[in-house]
Amino acid sequence: MRRTTTRTMVASACLVAVLGAGIGTWTVLGTSSDSSASASTDERDRKHATATVMKGDLTDTRTFAGTLGYGAATGVPGTAPGTLTWLPKPGDVIERDQPLYAVDERPVRAMYGTTPLWRDLHRGLRGADVQQLNENLAALGYDVATDEVFGRRTAAAVERWQRDRALTVTGTITAADIAYVDGPVRVAGVDGVLGQAASGDVLSVTSTKRVVTASVAQRDAEQLAVGTDVDVRVNGAGDQMPGRVVNAVPAASEDGPASVDVTIEFDAGDRTLPAAAAAQVEAQGRTEQGVLSVPVAALVARGTSGGYALDVVRRDGTTKRVPVAAGFVAGGRVAVTGAIEAGDRVVVPS
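Residues numbered from 1 in each chain as written. Predicted model: local features only at pLDDT ≥ 70, side-chain atom pairs only at ≥ 80, totals over all residues. Heavy atoms only, no water.

**Q** Quick question: what am I supposed to make of the sheet that holds strand β7 (residues 106-112) here?
**A** Strand pairing in a sheet relies on backbone hydrogen bonds. The paired strands run either parallel or antiparallel. Strands sit in the order β4-β6-β7-β8 across an open sheet of four strands; the sheet is mixed. In the strand order of this sheet, the two ends are held by β4 (84-86) and β8 (178-181), each with one partner. Averaged over all pairs of adjacent strands, the angle between strand axes in this sheet comes to 35°, irrespective of strand direction. Its contacts with the sheet place helix α3 (residues 128-139) against β7 and β8, and it is angled at close to 95° to β8. (Pairing = 2+ DSSP bridges. Helix = DSSP H or I, 4+ residues; strand = E, 2+ residues; numbered from the N terminus. Axes fitted to C-alpha atoms, helices over the stretch in contact; angles between N-to-C directions. Contact = heavy atoms within 4.5 Å.)

**Q** Looking at this model, I keep getting lost on α3. Mind explaining?
**A** Residues three or four positions apart in an α-helix share a direction because the helix packs 3.6 residues into each turn. The terminal C-alpha atoms of α3 lie 17 Å apart, and with 12 residues this matches the ideal 16 Å at 1.5 Å per residue to within 8%. Every buried residue belonging to α3 is among Asp129, Val130, Gln132, Leu133, Asn134, Asn136 and Leu137, and all of these are buried. Elements that come into contact with the buried residues of α3 comprise β7, α4 (152-164) and β8. Once α3 finishes, Gly141 follows within two positions and takes phi at roughly 100°, a positive value. (Expected span 1.5 Å × (residues − 1). Buried < 20%, exposed > 50% of the residue type's maximum accessible area, 1.4 Å probe, protein only.)

**Q** Would you explain the sheet that holds strand β5 (residues 93-94) in this entry?
**A** Sheet architecture is open: four strands sit in the order β3-β10-β9-β5, paired in antiparallel fashion. A single partner strand is all that each edge strand has here, and the edge strands are β3 (74-77) and β5. As defined by bridge partners, strand β9 (residues 185-190) adjoins strand β10 (residues 201-207) across five bridges and the pair is classed as antiparallel. Residue pairing for β10: Val185 is matched across the bridge by Ser207.

**Q** Would you mind showing me how to read the packing of α3 against α4 here?
**A** For any two helices packed against each other, the geometry is given by the interaxial angle and the distance between the axes. Close contact between α3 and α4 brings their axes to 11 Å; oriented N to C, the two are set at 55°. In this view, α3 runs oblique relative to α4, as classed from their interaxial angle. Considering how the two elements wind past one another, α3 and α4 form a crossing that is left-handed. For the pair α3 and α4, the contacting residues are Leu133, Asn134 and Leu137 in the first and Thr154, Ala157, Val158 and Trp161 in the second. The residue inventory of the contact of α3 with α4, partitioned by class, reads five nonpolar, two polar and no charged. (Parallel < 35°, antiparallel > 145°, perpendicular 65-115°, else oblique. Left-handed = near helix turned anticlockwise from the far one by under 90°. Nonpolar A, V, L, I, M, F, W, Y, C, P; charged D, E, K, R; others polar.)

**Q** I would appreciate a short explanation of the packing of aromatic side chains in the present structure.
**A** The way to describe two aromatic rings as a pair is by their centre distance and the angle between their planes. One pass over the full model with this rule turns up zero aromatic pairs. When the ring centre of Tyr70 is taken as origin, the NZ or CZ atom of Arg186, which lies over that ring, is 4.1 Å away. Lying over the aromatic face of Tyr70, Arg210 brings its terminal NZ or CZ to 5.0 Å of the ring centre. (Phe/Tyr/Trp six-rings, centres within 6.5 Å; stacked < 30°, edge-to-face > 60°. Lys NZ or Arg CZ within 6 Å of the ring centre and 35° of its normal.)

**Q** How should I be thinking about the environment of Val205 in this particular structure?
**A** By secondary structure assignment, the location of Val205 is in strand β10. Residue class for Val205 comes out buried when judged on its relative accessible area of 4%. With 114 residues separating them along the chain, Val205 and Gly91 place their C-alpha atoms 9.2 Å apart. For Val205, the residues in contact, after removing those within four places along its chain, are Ala72, Ala73, Thr74, Val76, Val185, Arg186, Val187 and Ala188.

**Q** Where do I start with the pairing of β9 in this structure?
**A** Successive side chains on a regular strand alternate, one facing one side of the sheet and the next facing the other. Relative to β9, β5 runs antiparallel, the two sharing two bridges. Bridged to Val93 within β9 is Arg186.

**Q** Looking at this structure, I do not really get unusual backbone geometry. What am I missing?
**A** The phi angle at Asp97 is positive, at roughly 75°, despite the residue not being glycine. The residue Asp97 is located in the loop between β5 and β6 (99-103) in this model. For Asp97, a relative accessible area of 11% corresponds to the buried category. Notably, Glu105 is not glycine yet its phi reads approximately 65°, a positive angle. Position of Glu105 among the secondary structure elements: in the loop between β6 and β7. Classification of Glu105 as exposed rests on a relative accessible area of 72%.

Shown next as structure tokens:
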């Protein structure tokens, strides 16, 4: 007799563990008889609440902890030869054609692009770096074709750009003239020192957009892949805001499995955001459509016969124990199949 009871308890515990793995930590009721036990509603409702069997989509929604900020900083290398004579302050916002830093009292101006200035640009050259220059000149209002050719029009536009800024007119763009950044940037830190050579990173910059960053375990990275739509909540900023994952970079950890650093852009609307705050990122995962579901706590282990059941409240106020098969678990609810229907009431012990 003792041996049978032990097997029953182990089997029930295993089934509970399988269900529990789908939602994290939750409490399952102890075992009980598999008989079709009935009791009056008055007696049961003094001890237990009830819930309605619902039919609809069941979605595995996960919430990840994040931080409001400006995202990861990147360095701006000092490639212009000479001595640093001017540097911005942390928090300054620098846009296209504005000075990033100055060498020998000559500003090195920001242009937008992802291709570094790896050579001097002059008439006769072709390439993606030339097209990037043409796109910037066009955005500033100069008459150029936004192609890969440094021709007559580009040379004339460069000369006008140099003249407009009181520079020596050469028709050639060098590292003493411009440096490329991804877009409007906010100065996160100043690494260069006035009076010293412009070498190494002279600045670190971030985007000007407020973003939420989160570090998630590698096993959860798929749920926050680049392009995934999410909901963002920033402490102190009110309701949820729509967002999207725009970057996900693996980050090796010495203390355990690798994690992934995720960046989320979001639409704050007219909300006033705090200077710094914790945030939550809610992402939807797998969805089961058109299923019957009940609160997980409504499941009752069926004792020696194994499996699960629900105590269904009948019209006359009594309850009937109905065997069910438990399936997908999400949001504190579990999909069930059996002799039940949407709208049935089931007992949910407290």
